[in-house]
Amino acid sequence: MKSININGDLIDLSTPLVMGILNVTPDSFFEGSRKQSEIEIINRCRQIIDEGGTIIDVGAQSTSPSSEMLTVAEEASRLMPALKLIRSEFPDVIISVDTFYADVAKQSVQEFGVNMINDVSGGQIDDQMFPVIADLNVPYVLMHMRGVPQNMQSMTDYDN
């Protein structure tokens, strides 16, 4: 059996799971995923669950090529109210946070019981991400990009 440990529960991965996206940012790639008000956030989470989603991946920082990188404080100010609301309305749902900041990951897990971290930078933007994830002992989705969101579209050539 292929599985992932989420808070001590082994989640079976032999059948693919659906991770639904919720962006609490005004400038994410996909306009339909952008949710800002409490009712929009609740409705999007309910939609993900009703459509078979097992995991809700919450992001507060756009990685669109034209986006500006937020500071840790800016990202946290968008993300934490949404996490509080989601955890209150859907206490048992698996929550993933899309961040490349170790401090945001730490606060998300410690304050709101976030179950996993999804890092589009693969630990390359914040050199504290790997030690923090090790301390938190949560699953970590290591993504890959070259550069940062503002220049990654110009760095698409590979020799291998």
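Right above here is the structure, for reference.
Anyway, here's the lowdown on the structure attached to this text. (Residues numbered from 1 in each chain as written. Predicted model: local features only at pLDDT ≥ 70, side-chain atom pairs only at ≥ 80, totals over all residues. Heavy atoms only, no water.)

## With respect to the packing of aromatic side chains
Step number 1: All chains considered together, the criterion is met by two aromatic pairs.
Step number 2: Here Phe 130 and Tyr 140 contribute two aromatic rings whose centre-to-centre distance is 5.8 Å and whose plane-to-plane angle is 85 degrees, an arrangement assigned as edge-to-face. You can see Phe 130 sitting in helix H4 (residues 129-136) and its partner Tyr 140 sitting in strand E7 (residues 140-142), a full ten residues away along the chain.
Step number 3: Overall, Phe 130 belongs to the partly exposed group, its relative accessible area being 40%. (Phe/Tyr/Trp six-rings, centres within 6.5 Å; stacked < 30°, edge-to-face > 60°. Helix = DSSP H or I, 4+ residues; strand = E, 2+ residues; numbered from the N terminus. Buried < 20%, exposed > 50% of the residue type's maximum accessible area, 1.4 Å probe, protein only.)

## Things to note about the nonpolar core
Step number 1: Of all hydrophobic cores here, the largest spans 35 residues; its most connected members are Leu 22, Ile 41, Val 58, Leu 79, Leu 83, Ile 86 and Ile 117.
Step number 2: Mapped onto this core, the elements with two or more residues apiece are helix H1 (38-50), strand E4 (55-59), helix H2 (72-89), strand E5 (94-98), helix H3 (102-112) and H4.
Step number 3: Dropping the residues within four chain positions of it, Ile 117 is found in contact with Ser 96, Val 97, Thr 99, Ala 105, Val 109, Met 129, Ile 133, Val 138, Pro 139, Tyr 140 and Val 141.
Step number 4: The next biggest cluster of nonpolar side chains, apart from the first, holds five residues, and it includes Ile 6, Ile 11, Ile 94 and Met 116. (Core = buried A, V, L, I, M, F, W, Y, C linked by side-chain atoms within 4.5 Å. Contact = heavy atoms within 4.5 Å.)

## Looking at H3
Step number 1: Buried within H3 are the following residues: Ala 102, Val 104, Ala 105, Ser 108, Val 109 and Phe 112. Projected down its long axis, H3 carries its buried residues within an arc of 165 degrees, all on one side. With respect to the buried face of H3, the exposed residues turned more than 90 degrees away are Asp 103 and Gln 110.
Step number 2: Buried residues in H3 make contact with H2, E5, strand E6 (116-119) and H4.
Step number 3: A positive phi of about 65 degrees marks Gly 113, the residue just after H3. (Arc of directions from axis to C-beta.)

## A short note on the sheet that holds strand E3 (residues 19-23)
Step number 1: The strand order across the open sheet formed by five strands is E3-E4-E5-E6-E7, and the pairing between neighbours is parallel. Where the open sheet ends on each side, the last strands, each with one partner, are E3 and E7. Looking at each pair of strands side by side, their axes are set apart by 25 degrees on average, direction ignored.
Step number 2: In this sheet, E5 lies alongside E4 in parallel orientation, the contact comprising five bridges. Bridging across to E5, Ile 55 finds its partner in Ile 94.
Step number 3: Across the sheet, H2 lies against E3, E4 and E5, angled at about 175 degrees from E5, the strand it touches most. (Pairing = 2+ DSSP bridges. Axes fitted to C-alpha atoms, helices over the stretch in contact; angles between N-to-C directions.)

## Re the environment of Gln 107
Step number 1: On the secondary structure map, Gln 107 appears in helix H3.
Step number 2: Classification of Gln 107 as partly exposed rests on a relative accessible area of 25%.
Step number 3: Distance in space between the C-alpha atoms of Gln 107 and Ala 76 is 8.4 Å, their sequence separation being 31 residues.
Step number 4: With near-sequence residues (within four places) excluded, Gln 107 lies in contact with Ala 76, Met 80 and Phe 112.

## Topic: the packing of H2 against H3
Step number 1: Packing of H2 against H3 brings their axes to within 10 Å, and their N-to-C directions diverge by 25 degrees. Classified by the angle between their axes, H2 and H3 sit roughly parallel to one another. The two elements H2 and H3 meet at a crossing, and its hand is right-handed. For the pair H2 and H3, the contacting residues are Val 72, Glu 75, Ala 76, Leu 79, Met 80, Leu 83, Lys 84 and Arg 87 in the first and Asp 103, Val 104, Gln 107, Ser 108 and Phe 112 in the second.
Step number 2: Grouping the amino acids of the contact of H2 with H3 by side-chain chemistry returns seven nonpolar, two polar and four charged. (Parallel < 35°, antiparallel > 145°, perpendicular 65-115°, else oblique. Left-handed = near helix turned anticlockwise from the far one by under 90°. Nonpolar A, V, L, I, M, F, W, Y, C, P; charged D, E, K, R; others polar.)

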